[in-house]
Structures are given as structure tokens and as C-alpha cells.
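# Fold and geometry: a report
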Amino acid sequence: ALYRVSTQWTMDACELCNHHSLNRREQFFNADRIVLFWDPLSQPSRSVKLFLLLTGIPHEDKILHITKGDHITHSEFTSLGTPGKLPVIRMGAFSLSESCAIYEYLSKKFPMAVQERIYPRDTEQSARLHEYLHWHHLNIRINAAMMFQECFVKPHMSNRVSNRDRIFRFKIGLNKALEEFDRCFLGTKQFISGGDQPNMADIHAACELMQLTTFEFDSPQLRKVAPWLDRVRKATNPYFEDVHEEIMKLKAVPKPKL
């Protein structure tokens, strides 16, 4: 896919570059090009892709499809020596997996490009960002990802039967996580960041919840956070919708209501 490259986010990065010498700008743009191995149906992949687009960091896409086993058969990817999960970035001889580690690495590698509002450097704000990212894995992530696997991937992409007991368990877990998400991280704020723009905590969470659109999941907890999700989408467009193009296509597949 082709991605547009003009938003206020990348304009801010260019303005920062203008305050540095030509040599400094060349050092930034001529660093080893990042290669991103990612799957558009993978939440962490979409989140890292959004991070790169919003910061304007140059990169090359290598799209792999987990459901087709590309992460096992793609020789260039398997030669990286990473655990075999997506996303992964490669810069020269250096490879790195795990989305949250990638955010942190790139924010330190390219501080001119990564704006404070998207990945804060302030001690307290940074701690709040990482508080959410740590909480996310065993709450929103595990339940939303497993719901996606059972309700969509198994019946529609793998020709397997969904486990109704697992769906019931993960549905309860997801509703509990959404309630806690709203109560502890959003409250009356516009964004998790506490400011008027989303940071990577918001983006990481929003990318996860977008996959719930692939099946008919509805709950009071999800409806309560829907305005926040819409704010994240609008604040990061056109990239948000570009990155979620493949997920949105799956909405057209007939599925049962849960």
C-alpha cells in the first residue's frame, strides 16, 4: 500500500530538523534505512507502522501474512534471529522485535523526529505511558486478541471451529478490561496522555480495539470508550485509516453477533 506523508505530525518533525545543521539532518535521513516486517492484521504491527508514519521516520515495508505462515517460511525474516513474531525492525545488522521496545528504541535513535507529544520524555509522563503499555498486555491485549482469533481468524481464515467456552471467557475478560481502562486510564480525559493529542498509549490501545470491528462484538463498556477511539482515529488520520485498511475490509465478511 502507498501511504500519504503530509500531516501536522511530520510537519513538526521537519520544523525541528530546520533548527539543526545540514550535516545533522543528513545524519538523520542517511542512517541505515529501517526495514519493517509487519502484518496488517497484527495489532502490534499496525501500531509500530503508525508510529513510523506519524514521526516521518523513513522506512521500507516487508509485509508478511501470519495466517499464511510467512513468518515461518520467509527466509529473510527467519534469518534475523528474532523470536519469530511480528513486528520486527531491522537497521543494518541490528534487528529488534516487540512493539514497545521498538517505540523506545526509535525515540532514542531519532529524537529529532519523535515528538514529545507522541512519546514523552518528561519523567512522570513517560512513566504514565509505560504504565499503560505494561498493563495493556494482560488486559486489553490478551482478551481482544483471543476474541479476534476465536471469532474471526479460526472460522474465516483457518477453516477451524471456534471454541464457544473460550469466546465466553475472553468476552468477560475484555469487558472487565474495558471497564478498568475507562476508569483508570481515561476517566474524564480526552486521551490517556492527558493532553489534547494522543500519545503511543492511546495509539497502542486503539489499534487493539479496531480488530473488534471484524465481528459483531458489542457491550456497554465498548460503547463508553467509543468516543475516545474516534478521537484517536481523527487525530492520527489519514494514517490511522490507511494502516487499518485491511482490517476494515474484513468487516464485510458475514459473521454471527456475539
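Above this text sits the structure in question.
As a starting point, this report considers the structure included with it. (Residues numbered from 1 in each chain as written. Predicted model: local features only at pLDDT ≥ 70, side-chain atom pairs only at ≥ 80, totals over all residues. Heavy atoms only, no water.)

### Considerations on the packing of aromatic side chains
- This structure, assessed with the given rule, holds 11 aromatic pairs.
- On the basis of an interplanar angle of 50° and a centroid distance of 4.9 Å, the ring pair of tryptophan 135 and phenylalanine 185 is categorised as tilted. Pair noted here: tryptophan 135 is in helix H7 (residues 123-157) and phenylalanine 185 is in helix H8 (residues 164-186), with a separation of 50 residues, a long-range link. The same class applies to tryptophan 135 as to phenylalanine 185, namely buried. (Phe/Tyr/Trp six-rings, centres within 6.5 Å; stacked < 30°, edge-to-face > 60°. Helix = DSSP H or I, 4+ residues; strand = E, 2+ residues; numbered from the N terminus. Buried < 20%, exposed > 50% of the residue type's maximum accessible area, 1.4 Å probe, protein only.)

### Things to note about unusual backbone geometry
- At the junction of leucine 86 and proline 87, the peptide bond is cis and its omega measures out at 10° in the coordinates.
- Structurally, proline 87 can be placed in the loop between helix H5 (75-78) and strand S3 (88-91).
- In this model, asparagine 237 is joined to proline 238 through a cis peptide bond whose omega is 10°.
- Mapped onto the secondary structure, proline 238 falls in the loop between helix H10 (220-236) and helix H11 (239-243).
- Of note in the backbone geometry, glutamate 98 takes a positive phi value of approximately 75° without being a glycine.
- With respect to the helices and strands, glutamate 98 occurs in the loop between strand S4 (94-97) and helix H6 (99-109).
- Phi at asparagine 159 takes a positive value of approximately 55°, unusual for a residue other than glycine.
- Inspection of the secondary structure assignment puts asparagine 159 in the loop between H7 and H8.

### A short note on the environment of aspartate 218
- As for its placement among the helices and strands, aspartate 218 is situated in the loop between helix H9 (200-210) and H10.
- For the pair formed by aspartate 218 and lysine 171, sequence separation is 47 residues and the distance between their alpha carbons is 10.0 Å.
- Polar contacts involving the side chain of aspartate 218 include one to the side chain of arginine 223, which spans 2.7 Å. (Polar contact = N/O pair within 3.5 Å; in protein donor to acceptor, adjacent residues only side chain to side chain.)

### Let's talk about the nonpolar core
- Ranked by internal contacts, the top residues of the largest apolar core, which has 65 residues, are Ile57, Leu106, Tyr132, Phe181, Ile192 and Trp228.
- Take this core: its biggest share by element is 11 residues, from H7.
- For isoleucine 57, the contacting residues outside a window of four places in its chain are Ile34, Phe51, Leu52, Leu106, Phe110, Ala113 and Val114.
- Among the nonpolar cores identified, the runner-up in size contains seven residues, and Phe37, Leu64, Phe77 and Val88 belong to it. (Core = buried A, V, L, I, M, F, W, Y, C linked by side-chain atoms within 4.5 Å. Contact = heavy atoms within 4.5 Å.)

### Let's talk about the environment of arginine 33
- Looking at the element boundaries, arginine 33 is found in the loop between helix H2 (22-29) and strand S1 (34-38).
- Placed 56 residues apart in sequence, arginine 33 and isoleucine 89 show a C-alpha to C-alpha distance of 9.9 Å.
- A polar contact is formed between the side chain of arginine 33 and the backbone oxygen of histidine 59, at a distance of 3.4 Å.

### With respect to the pairing of S1
- Across the five residues of S1, five count as buried, placing the element largely inside the fold.
- The alternating pattern of S1 places Ile34, Leu36 and Trp38 on one face and Val35 and Phe37 on the opposite face, and all of these are buried.
- When S1 meets strand S2 (residues 59-63), the two strands line up parallel, connected through five bridges. By the bridge assignment for S2, isoleucine 34 is matched with histidine 59.
- In this sheet, S3 lies alongside S1 in antiparallel orientation, the contact comprising four bridges. Across the sheet, valine 35 pairs through a bridge with arginine 90, a residue of S3. (Pairing = 2+ DSSP bridges.)

It is worth stressing that arrangement in space is one thing and function is another; only the former is reported here.
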